[in-house]
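Commentary on secondary and tertiary structure
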Amino acid sequence: MGSGYSEAKENKKTQVNNSTRIVDLRSDTFTQPSPEMREAIYKAELGDDVFGEDPTVNRLEKMAAEIFEMEDATFVASGTMGNIAAAMTHCTRGDEMIVGEKSHMYNAEAGAASALGGISVQSIANDSRGMIDLDELRSKIRPDNIHYPPTRLIGIENTANHCGGNALTAEEVQSIVAVAKERDVKVHVDGARIFNASVALETPVSQLVAGADTASFCLSKGLSCPVGSVLVGSHEDIEVARRWRKAMGGGMRQVGIIAAAGIVALETMVSRLAEDHTNARKLAVGLSNIEGITCDPDSYPTNLVFCDVIAKNPSEILQKMDEQGVKALSLPGGWRLVTHYGITSGDIDYALDIITNVFKEHASF
Ligand SMILES: *Cc1c(COP(=O)(O)O)cnc(C)c1O
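Just so it is clear, the structure is predicted and the values come from calculations on it, not from any experiment.

**Points about the environment of Arg 253**
Take Arg 253: it is sitting in the loop between α11 (235–247) and α12 (256–268). Judged by relative accessible area, which is 39%, Arg 253 ranks as partly exposed. Between the alpha carbons of Arg 253 and Gly 47 there is a distance of 7.1 Å; along the sequence they are 206 residues apart. With residues near it in sequence (within four places) discarded, Arg 253 still touches Gly 47, Asp 48, Asp 49, Val 50, Phe 51 and Asp 54. For Arg 253, the side chain forms a polar contact with the side chain of Asp 48, separated by 3.1 Å.

So this is what it looks like as structure tokens:
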């Protein structure tokens, strides 16, 4: 075993011994790679992926395509890159895509679809679960008329991050796909956390993307990889997406060094997501019992928990929690707390103790 690996372990140990216990619930993007991933990274067989010759990337792409029952896949630097490559694959300059008003594709991709792709973006209302109304969708798909941008793509987010991390069922996805197909519109699933949806619903991811043209998923969130996402779709679409990936500067070379972790993630990190969901439930129930917080545990079926802070001084409270190592994310509408690999059931007890005490001592009403 290389010295780099054991040194990293040593560092981690010293760090932990010298500081307060940290329970970082801001995001599942804070996950650290598992020891097995670090070992796979160390041992990964590499080649130049821009030439299509990195055996580790090729293996990851093949695995992803098989799991999603799609023809092909391409490894991308981030979920954002996967979504933009998909949008640019399905739409050309002047075309339109429809995405949820609360979606990542609409709000959190720096306007790339229009800035880079010249794509016109129309939003559609998301209900509290992240679903969209099918009649509204029908009315938003543009008729063929020279005044309108041609609607080419519908984006679906699953799980729906800003809708409580809710999981859309296979039937719900199918119903959107059916409307899209009626009008010859493509469907992309932003499945950054689709494995959380799959575990929560006990439905294979292949069923959650059935009929969709492309889907992307993040390796770097609950699946705990340091970097990376994968875009899956037909051979034809993935070939086009690879060109856009290159255009965005995402053609990487011996990138098997990070794809290696992705293989371990697909092999070992999916079923453990159930533990994150159990911990999230426990966290939400605990939060709902704290005076100064409102939280409905039944609204959060996966690993994302949202709560409203009724106290008048939420930022002061957040600061006090932070000083004691418990971190939550402040959003415009309240706080988000996310469970993930590295957060144990004991960490949830610990965090709830700290949060309860901070509210008792510092909340003003
Ligand atoms: C995180 C996220 C993405 C983008 O992932 P990055 O890797 O951060 O670019 C896309 N969609 C959703 C719903 C996300 O939560």
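**A short note on the packing of aromatic side chains**
Taken as a whole, this structure holds 5 aromatic pairs when the rule is applied. Ring geometry for Tyr 300 against Phe 306: centres 5.9 Å apart, planes inclined by 40 degrees, an arrangement best described as tilted. On the basis of relative accessibility, which here comes to 15%, the residue Tyr 300 falls in the buried class. Note on Phe 306: relative accessible area 14%, which makes it buried. Members of the aromatic cluster, connected to one another through ring pairs, are Phe 68, Phe 195 and Phe 217.

**Observations regarding the pattern of salt bridges**
For the coordinates displayed, the defined rule picks out 19 salt bridges. A salt bridge links Asp 28 to Arg 193; the shortest N-O distance between them is 2.8 Å. Taken as a pair, Asp 28 in the loop between β1 (23–24) and α2 (35–43) and Arg 193 in the loop between β6 (186–190) and α9 (194–201) lie far apart in primary sequence, 165 residues in all. Per residue, the accessibility class of Asp 28 equals that of Arg 193, and both read buried. Put simply, Arg 129 and Glu 172 hold a salt bridge, and the shortest N to O gap is 2.7 Å.

**Here we look at the layout of surface pockets**
Gaps left between atoms show up when a probe the size of a water molecule is rolled over them. Space inside the second largest pocket adds up to approximately 370 Å³. Lining the second largest pocket we find 17 residues, and of these His 162, Tyr 300, Phe 306, Asp 308 and Gly 333 sit closest to its centre. Going through the elements one at a time, β10 (304–309) and β13 (334–338) are the ones with two or more residues in the lining of the second largest pocket. Considering each element in turn, the lining of the second largest pocket owes the most residues, 3 residues, to β10. Of the residues in the lining of the second largest pocket, the class split is 8 nonpolar, 6 polar and 3 charged. If you count residues domain by domain, the lining of the second largest pocket takes at least three from each of domain 1 (3–32 + 271–362) and domain 2 (36–268).

**Some details on the domain arrangement of the protein chain**
According to the domain assignment, the protein chain contains domain 1 (3–32 + 271–362) and domain 2 (36–268). Each of domain 1 and domain 2 was reduced to a C-alpha centroid, and the two centroids are 28 Å apart. The interface of domain 1 with domain 2 comprises 21 residues on the first partner and 19 residues on the second. Between domain 1 and domain 2, roughly 1,700 Å² of surface is buried when both sides are summed, and carbon and sulfur atoms account for 56% of that area. The interface formed by domain 1 and domain 2 holds 5 residue pairs in polar contact (both at pLDDT 80 or more) in total. Residue assignment for the side of domain 1 that touches domain 2 shows that the elements contributing at least two residues are α1 (3–18), α13 (273–288) and β10.

What counts and what doesn't
Residues numbered from 1 in each chain as written. Predicted model: local features only at pLDDT ≥ 70, side-chain atom pairs only at ≥ 80, totals over all residues. Heavy atoms only, no water. Helix = DSSP H or I, 4+ residues; strand = E, 2+ residues; numbered from the N terminus. Buried < 20%, exposed > 50% of the residue type's maximum accessible area, 1.4 Å probe, protein only. Contact = heavy atoms within 4.5 Å. Polar contact = N/O pair within 3.5 Å; in protein donor to acceptor, adjacent residues only side chain to side chain. Phe/Tyr/Trp six-rings, centres within 6.5 Å; stacked < 30°, edge-to-face > 60°. Salt bridge = Lys/Arg side-chain N within 4 Å of Asp/Glu carboxyl O. 1 Å grid on protein atoms, 1.4 Å probe; cavity = no way out; pocket = protein on both sides within 12 Å on 5 of 7 lines; lining within 4 Å. Points joined across faces, edges and corners; volume = space filled by probe spheres on them. Nonpolar A, V, L, I, M, F, W, Y, C, P; charged D, E, K, R; others polar. Domains from an automatic or database assignment. Buried area = accessible area lost by both parts, 1.4 Å probe.

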